[in-house]
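Secondary and tertiary structure notes
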Amino acid sequence: MRKLHQRIKTDPVRPETPRSRSRSSDKKQSGSLIPLMLVCLAALSVGGILTAHFLGLFSDSSPMPTTVSTPVLIGSSDSAAASAPAENLPLTGKTIFLDAGHGGYDNGCIYPDSDPTYVEKDFNLQIAFETQEELEALGAKVIMLRTDDSFLSIYARPAMVHLFCLDHAEELGMEPLPEDLELRLREGMEEAIRVNSEDISAGCMGAMVGSGFSEDMIALMESEYKIDDVIFLSIHNNWNSDPSLHGTQMYFVTDDSIIKSEERLIREDPYYSDPDYIVREGYWGREWERNRLLSRFLHDAITESAPELEPNVPELVEDNFAVLREHGLASVMLELTFVSNPEDRDRLTNEQVIRKMAKGIAQGCIYYYNNTNS
Ligand SMILES: [Zn+2]
């Protein structure tokens, strides 16, 4: 379900009880979809102890703290062979972020309402692990943002992506950002990870605070547009009050979809009158065409691999989500099924369908890289 993770910069999730269904999405799609596509909410601030954990993620110097779940750069740590991937594998040299949506007290969407037996956050993680296996077998390095039932805010996630990209740009020999600028950005991302909430006044957005982008963030986004050997996939499942809606949808961001939604939320939602929230001009500079392309290839490959996931709702949707919007990598949010649909619930508990989903996602990444000269 889209809601939480899609939190737009201007629409932080207010603390809610874990099973939050009350938020209205930020983007007007077909009426019946919106109100209920809000299920995967309930991002509540944990604050906390995550910083040390995530900050140690990509640097070899500091040993991995063991306080909470440890996202792992799968394939690189546990087999020397993995660091020397076979040259002829289709995804060799590619890095793929797998973001299992929700986690911790944030269940995402659930079914039934009381005493739920279907909890989105668990399926997201299961599908992410299955997909990780498929991708690694194809030579990719996989970074799992969440590897257990931990809460991770919708700003801590892009902050982790930014820290990785700053290191990766160096590895690729890209023109470095001015030292003071890079230091400011790193501190801002570490703050978002440390705070790990949606409380603006607590600094939850770090360097990403406000609508549009600051000059610092624009410099970072422009360096990330040059990184094309890394993509970001956010794994979710949907919900709607109309139980007949079913199947797989891809959500992606464009300049237009973000600006329209930010303008509306700043106008309508008092939350954005927070003095710490900076209102800027809309940002027109995103490399969003590759988001659409990746969405297309993923949708085709997934429904090819699992025809039962063909949807009766729009296949590709432009929208606005913090976990996609706040960084410059090619990125997509995959809403694989509707937890509100009985047939889709059966599919979610069918190992074979999960495996076909994972194979389809991996194949979609191959199609994307075969069709983009990267
Ligand atoms: Zn969700």
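In this report, the structure presented in the accompanying data block is examined. None of these values were measured; they are calculated from a predicted model.

**Structural notes on the overall build of the protein**
Helices and strands together make up the secondary structure of the protein, namely 12 helices and nine strands. Counting the 374 residues in the protein, one finds 61% classified as buried. Taking as baseline every contact in the protein between residues at least 6 positions apart, the subset at least 24 positions apart corresponds to 80%. As displayed, the protein has an accessible area near 13,800 Å², and 53% of this comes from carbon and sulfur atoms.

**Observations regarding the packing of helix H5 (residues 156–171) against helix H7 (residues 215–224)**
Close contact between H5 and H7 brings their axes to 10 Å; oriented N to C, the two are set at 65°. Crossing angle aside, the handedness with which H5 passes H7 is left-handed. Across the interface between the two elements, His-162, Cys-165 and Leu-166 of H5 pack against Met-217, Leu-220, Met-221 and Glu-224 of H7.

**Comments concerning the nonpolar core**
Residues Phe-97, Leu-185, Met-189 and Met-217 are the most contacted members of the largest nonpolar core, which totals 53 residues. At the level of secondary structure, the elements contributing two or more residues to this core comprise H5, helix H6 (179–195), H7, strand S6 (230–238), strand S7 (249–253), helix H8 (255–268) and helix H10 (322–325). For this core, the element with the most residues is H5, which contributes nine residues. In terms of nonpolar packing, the next biggest core, distinct from the first, is built from 40 residues, Ile-96, Ala-128, Ile-231 and Cys-365 among them.

**Remarks on the side chain of Asp-269**
The residue Asp-269 is located in the loop between H8 and helix H9 (289–305) in this model. A polar contact is formed between the side chain of Asp-269 and the backbone nitrogen of Tyr-271, at a distance of 2.8 Å.

**Examining the pattern of salt bridges**
Counted according to the given criterion, the structure contains 19 salt bridges. The residue Arg-184 makes a salt bridge to Asp-216 at a minimum N-O spacing of 2.7 Å. A residue pair is termed long-range when its members are at least 10 positions apart, and Arg-184 in helix H6 and Asp-216 in helix H7 qualify at 32 residues. Between Glu-289 and Arg-292 there is a salt bridge, with its nearest N and O atoms 2.5 Å apart. With Glu-289 and Arg-292 both in helix H9 and three residues apart, this pair spans about one turn of that helix. According to the relative accessible area criterion, Arg-292 is partly exposed, its value standing at 30%.

**Description of the packing of H9 against helix H12 (residues 351–371)**
Packing of H9 against H12 leaves a shortest axis separation of 7 Å and a crossing angle of 140°. On the basis of the axis angle, H9 is oblique to H12. Where H9 crosses over H12, the handedness of that crossing is right-handed. Residues Arg-290, Leu-293, Leu-294, Phe-297, Leu-298, Ala-301, Ile-302, Glu-304 and Ser-305 of H9 lie in contact with H12, whose contacting residues are Lys-356, Met-357, Lys-359, Gly-360, Ile-361, Gln-363, Gly-364, Cys-365, Tyr-367, Tyr-368 and Asn-371. Residues that form the contact of H9 with H12 fall into these classes: 11 nonpolar, five polar and four charged.

Procedures and definitions
Residues numbered from 1 in each chain as written. Predicted model: local features only at pLDDT ≥ 70, side-chain atom pairs only at ≥ 80, totals over all residues. Heavy atoms only, no water. Helix = DSSP H or I, 4+ residues; strand = E, 2+ residues; numbered from the N terminus. Buried < 20%, exposed > 50% of the residue type's maximum accessible area, 1.4 Å probe, protein only. Contact = heavy atoms within 4.5 Å. Areas by Shrake-Rupley, 256 points an atom, 1.4 Å probe, with all protein chains shown as cover. Axes fitted to C-alpha atoms, helices over the stretch in contact; angles between N-to-C directions. Left-handed = near helix turned anticlockwise from the far one by under 90°. Core = buried A, V, L, I, M, F, W, Y, C linked by side-chain atoms within 4.5 Å. Polar contact = N/O pair within 3.5 Å; in protein donor to acceptor, adjacent residues only side chain to side chain. Salt bridge = Lys/Arg side-chain N within 4 Å of Asp/Glu carboxyl O. Parallel < 35°, antiparallel > 145°, perpendicular 65-115°, else oblique. Nonpolar A, V, L, I, M, F, W, Y, C, P; charged D, E, K, R; others polar.

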